[in-house]
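# Tertiary structure, described
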Amino acid sequence: MYAPFSELRLLLSERLRAGEGQSVKRIHFTPEDLARTRVSTTIGVAAETFDSLKLLKARTSSPAFRAWRSAVSGRLSEQTGPLSALMPARGSLVDLASLTGDTTSIDEAVDNLLTAPRALMRLELEGIDFGREHHSWAQRLISGEHEARLDVAAALRACHRLAVAPYWSRVSSRLSRARASYADTMADGGVEQLLTTLCPPAIRWRSPVLQVAHTHDADIHLQGRGLVIAPTMFSKCEVELMQAPLDPDRPPVLAVPAVSGAPLDTTLWECADGSAPRSLDDLLGRTRAAVLRASVGGCGTTELAVRLNISPATASHHTTVLRNSRLITTRREGQAVRHTITSLGLAVLEQRHPVD
């Protein structure tokens, strides 16, 4: 569970210039924590979907999302109601990443939600001020009622289908480039160089403490767990720190916006209904092009087969061709493999359908 806070960059900059104090979360590092800090591509498609709805409900947002808001705001249906109930106007919000994981597959995220332990669901929801109109339903959800979870799952799918899925390929590409930038900074100057340059002035590195602007003061001691730094696209907040309440050994995730306040190139928000990137389909073939797009952010062979409605053997054949062409890389994770788009693959993807 995490507490929301509004966009603070301008206000924080003014306070810093004036020498005023501000509330911060202080993340305390040990040498072991610095050694275990790593970067990730995403906080997960479900968390991004949840953030997209929060962004739409907010009265103001960055100019970067103006075209997206215009395209999406009139399309969301009443199906998203249960998801909206999880984001009251005041107080804490549910940490959906805790319940769904950081997967890029909405199907896997929904499965994680439906099978999340009751104790975790209770921890995430008990402190939320649902309001009188949602109280009865919320109590059923907190108690673990399957039908109430199905309501949230249906709302999550509906919001994802309308607000996120049409843009996910290019959003994933931008997140991958943000992660690559973080990794390059770490490779060139170490973890402390990344922490020093990460989203100023909202984040300030004062070794051995990372100060993150927030609505209230708090101290978080990593105690050897390290930290995961992940870019986000749809978060209306400056920075969020997410922790797994039932897994104290799991490193917290620091979610950092991948866009600035400036308007983005409008191609990022063009409707991606399958007709626009025809040139890529013509170049690679429809299925192979879909495999390449799905590899943005990483994807396993079985997941590819499920997402694209093809057999695992067909998915494996296409990934082999793409890997031999140096458009993706493949690495083994336990008994499974994970396919990830390369810089050359991103260049091909963006040249045929630019994202920047």
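Residues numbered from 1 in each chain as written. Predicted model: local features only at pLDDT ≥ 70, side-chain atom pairs only at ≥ 80, totals over all residues. Heavy atoms only, no water.

## Thoughts on the sheet that holds strand β9 (residues 299-300)
Definition in use: In this scheme, strands are said to pair when DSSP sees at least two bridges between them. Numbered from the N terminus, helices here are DSSP runs of H or I no shorter than four residues, and strands are runs of E no shorter than two. Should any heavy atoms of two residues lie within 4.5 Å, those residues are counted as being in contact. Lines fitted to the C-alpha atoms define the axes, with helices restricted to the stretch that makes contact. Angles between their N-to-C directions range from 0 to 180 degrees.
Ordered in space as β9-β11-β10, the three strands form an open sheet in which the pairing is antiparallel. Edge strands, defined here as strands with exactly one partner in the open sheet, are β9 and β10 (328-333). Sheet topology places β9 next to strand β11 (residues 336-341); two bridges connect them, and they run antiparallel. The residue of β11 that forms the bridge with Gly300 is Arg338. The sheet strands contacting helix α16 (residues 312-324) are β10 and β11, and the helix crosses β10 at an angle near 120°.

## Considerations on the sheet that holds strand β2 (residues 38-39)
Across the sheet, four strands lie side by side as β2-β6-β8-β7; this open sheet has mixed pairing. Edge positions in the open sheet fall to β2 and β7 (240-242), since each of these has one partner strand only. Across two bridges, the pairing between β2 and strand β6 (residues 228-232) is parallel. Bridged to Val39 within β6 is Ile229. Taken strand by strand, helix α11 (residues 168-189) contacts β2, β6 and β8 (253-257), and its axis lies near 145° from that of β6.

## Quick word on the nonpolar core
How we decide: Put simply, buried Ala, Val, Leu, Ile, Met, Phe, Trp, Tyr and Cys residues joined by side-chain atoms within 4.5 Å make one nonpolar core. Exposed residues in this analysis have more than 50% of their type's maximum accessible area, buried residues have under 20%, and partly exposed residues fall in between, with area computed by a 1.4 Å probe over protein chains only.
Trp68 and Leu86 are the most contacted members of the largest nonpolar core, which totals 51 residues. Ranked by residue count, the leading element in this core is helix α10 (residues 146-164), at eight residues. Ignoring sequence-local partners within four residues, the contact set of Leu86 consists of Phe50, Leu93, Val94, Leu125, Ile128, Phe130, Trp137, Leu141 and Val152.

## Some details on the packing of helix α7 (residues 106-114) against α10
Basically, it comes down to this: Orientation is classified from the angle alone, with under 35 degrees giving roughly parallel, over 145 giving roughly antiparallel, 65 to 115 giving roughly perpendicular, and any other angle giving oblique. Crossing handedness is defined as follows: a turn of the near helix away from the far one that is anticlockwise and smaller than a right angle gives a left-handed crossing, while the clockwise case is right-handed.
Two numbers describe how α7 lies on α10: the axes approach to 10 Å, and their chain directions differ by 160°. Classified by the interaxial angle, the pair formed by α7 and α10 is roughly antiparallel. α10 is crossed by α7, and the crossing has right-handed handedness. Counting all contacts with α7, which are made through Ile106, Asp107, Val110, Leu113 and Leu114, the residues of α10 involved are His146, Arg149, Leu150, Val152, Ala153, Leu156, Arg157 and His160.

## Examining the environment of Val256
Mapped onto the elements, Val256 comes out in strand β8. The class for Val256 is buried, based on a relative accessible area of 2%. The residues contacting Val256, other than those within four sequence positions of it, are Tyr182, Leu198, Cys199, Ile203, Ile229, Ala230, Pro231, Thr232 and Glu238.

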